[in-house]
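Inside the fold
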Amino acid sequence: MGKTAVMLCGHGSRDEEAILEFERLGAALKARLAPQDVEAGYLEFARPIIRDGLEALRRRGAERIIGVPGMLFAATHVKNDLPWEINSFAAANPSIEVRFGRELAFEPKLLQAAAARIAEVEAKGRGARAREDTLLLVVGRGTHDPDANSNIAKLARFLWEGMGFGWAETAFSGVAHPLVEPALRRTLRMGFPRIIVFPYFLFTGVLVKRIYEATDRIAAEHPEIEFLKAPYLNDHPLVLDCFEDRVREAEDGTPVMNCQLCKYRTQIIGYEDAVATPQTGHHHHVRGIGTDADHQHYHDHHHDHSAHPPRGSTDRSGG
């Protein structure tokens, strides 16, 4: 077996904090995988782009490269954009064995990490309060893939039952419904004295900040209710465990994506035209253009995701 290297594939963001958090996670993963060579790259906005990271690994002598999605669920990016990037590099470098691992997906370690983040903010609340008097709102990124969106509902149910909350609801920061603010206004009618908002994201970014801003707006209108903003997953040790697991799976040749309800493989109600759609990259126009720190005068014709309203946003820095 030749020298094996790892390529951590992120989405990218115009938010500099999101990129710094991704870089910290990449550094922590590199320390865990040492002495394996590890690179990180992005689909859009930030640099290095994924192709540059792959080329760097090639120049440093990699004979086999494991590509790992730095994303929570398998939606369009994991099913189309990242495979296109990986396959394009593999086709141009036939002497290198290239494997593509699976997304973090839904699994017990991430469930435990989510519960730990929620418990963190509970400890900062206004005094002790029974969980049965608390409503949990789990917020996902939101995609055009119903299979990925359904994972947020599943996560909310596991956290609701496992942690003993009085109720749980789901919302999305863009594309899917309900959006955060309408979901919060609906939960108010249930009469819970405490509402915890938990963004199920890997990193901060435009969308996570919008989630917190929406929570602050509703909280200001209803001071009689305690609103708590739970931290997102970030570099929780169990998240790092999952990334390491994905690398080892790919090395062993056992990465299996759940395709049972994939709209690209089976006819799903409302998405019948998506079956057998070719894998293509969709980020050529924003690949490597930089974060807000690089471009203080960024214009709409350069596809400024953060300038769009939440429903149309495609910044997936949180995964």
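Residues numbered from 1 in each chain as written. Predicted model: local features only at pLDDT ≥ 70, side-chain atom pairs only at ≥ 80, totals over all residues. Heavy atoms only, no water.

Re the pairing of strand E2 (residues 37-42)
- Extensive coverage of E2 is indicated by the burial of five of its six residues.
- When strand E1 (residues 4-10) meets E2, the two strands line up parallel, connected through six bridges. Pairing of Val 6 across the sheet is with Val 38, part of E2.
- Between the parallel elements E1 and E2, the chain passes through helix H1 (residues 16-33) in a crossover that is right-handed. (Buried < 20%, exposed > 50% of the residue type's maximum accessible area, 1.4 Å probe, protein only. Helix = DSSP H or I, 4+ residues; strand = E, 2+ residues; numbered from the N terminus. Pairing = 2+ DSSP bridges. Right-handed = clockwise from strand over helix to strand, strands pointing away.)

Digging into the packing of H1 against helix H8 (residues 237-252)
- Packing of H1 against H8 brings their axes to within 10 Å, and their N-to-C directions diverge by 55°. Here H1 is positioned oblique relative to H8, judged by the angle of their axes. Here H1 and H8 pass one another in a crossing that is right-handed. When H1 is examined against H8, the residues Leu 25, Ala 28, Leu 29, Arg 32 and Leu 33 are found in contact with a partner set consisting of Pro 237, Val 239, Leu 240, Asp 241, Phe 243, Glu 244, Val 247 and Arg 248.
- Of the residues that constitute the contact of H1 with H8, the class distribution is nine nonpolar, no polar and four charged. (Axes fitted to C-alpha atoms, helices over the stretch in contact; angles between N-to-C directions. Parallel < 35°, antiparallel > 145°, perpendicular 65-115°, else oblique. Left-handed = near helix turned anticlockwise from the far one by under 90°. Contact = heavy atoms within 4.5 Å. Nonpolar A, V, L, I, M, F, W, Y, C, P; charged D, E, K, R; others polar.)

Re the packing of aromatic side chains
- For the structure on display, the rule yields six aromatic pairs.
- Judged by centre distance (6.0 Å) and plane angle (65°), the ring pair of Phe 198 and Tyr 200 falls under edge-to-face.
- Overall, Tyr 200 belongs to the buried group, its relative accessible area being 3%.
- Three or more aromatic residues link up through ring pairs in this structure, and these residues are Phe 22, Tyr 42 and Phe 203.
- When the ring centre of Phe 106 is taken as reference, the NZ or CZ atom of Lys 154 above it lies at 5.1 Å. (Phe/Tyr/Trp six-rings, centres within 6.5 Å; stacked < 30°, edge-to-face > 60°. Lys NZ or Arg CZ within 6 Å of the ring centre and 35° of its normal.)

Looking at the nonpolar core
- The biggest cluster of nonpolar side chains holds 50 residues, and the ones touching the most others in it are Leu 159, Phe 198, Tyr 200 and Leu 233.
- The residues touching Leu 233, leaving out its near neighbours within four places in the chain, are Leu 72, Leu 110, Ala 113, Ala 114, Arg 117, Phe 198, Tyr 200, Phe 201, Leu 202 and Val 239.
- Core analysis: the next-biggest nonpolar cluster, separate from the first, contains 21 residues, Phe 192, Ile 195, Val 197 and Ile 218 among them. (Core = buried A, V, L, I, M, F, W, Y, C linked by side-chain atoms within 4.5 Å.)

Some details on the sheet that holds E2
- Here we have four strands laid out as an open sheet, ordered E2-E1-E3-E4, and parallel in their pairing. Only two strands of the sheet have a single partner each, and these edge strands are E2 and strand E4 (97-100). Here the average twist between neighbouring strands, direction ignored, is 20°.
- Along the sheet face, helix H3 (residues 76-92) touches E1, strand E3 (64-69) and E4 and points at about 175° away from the line of E4.

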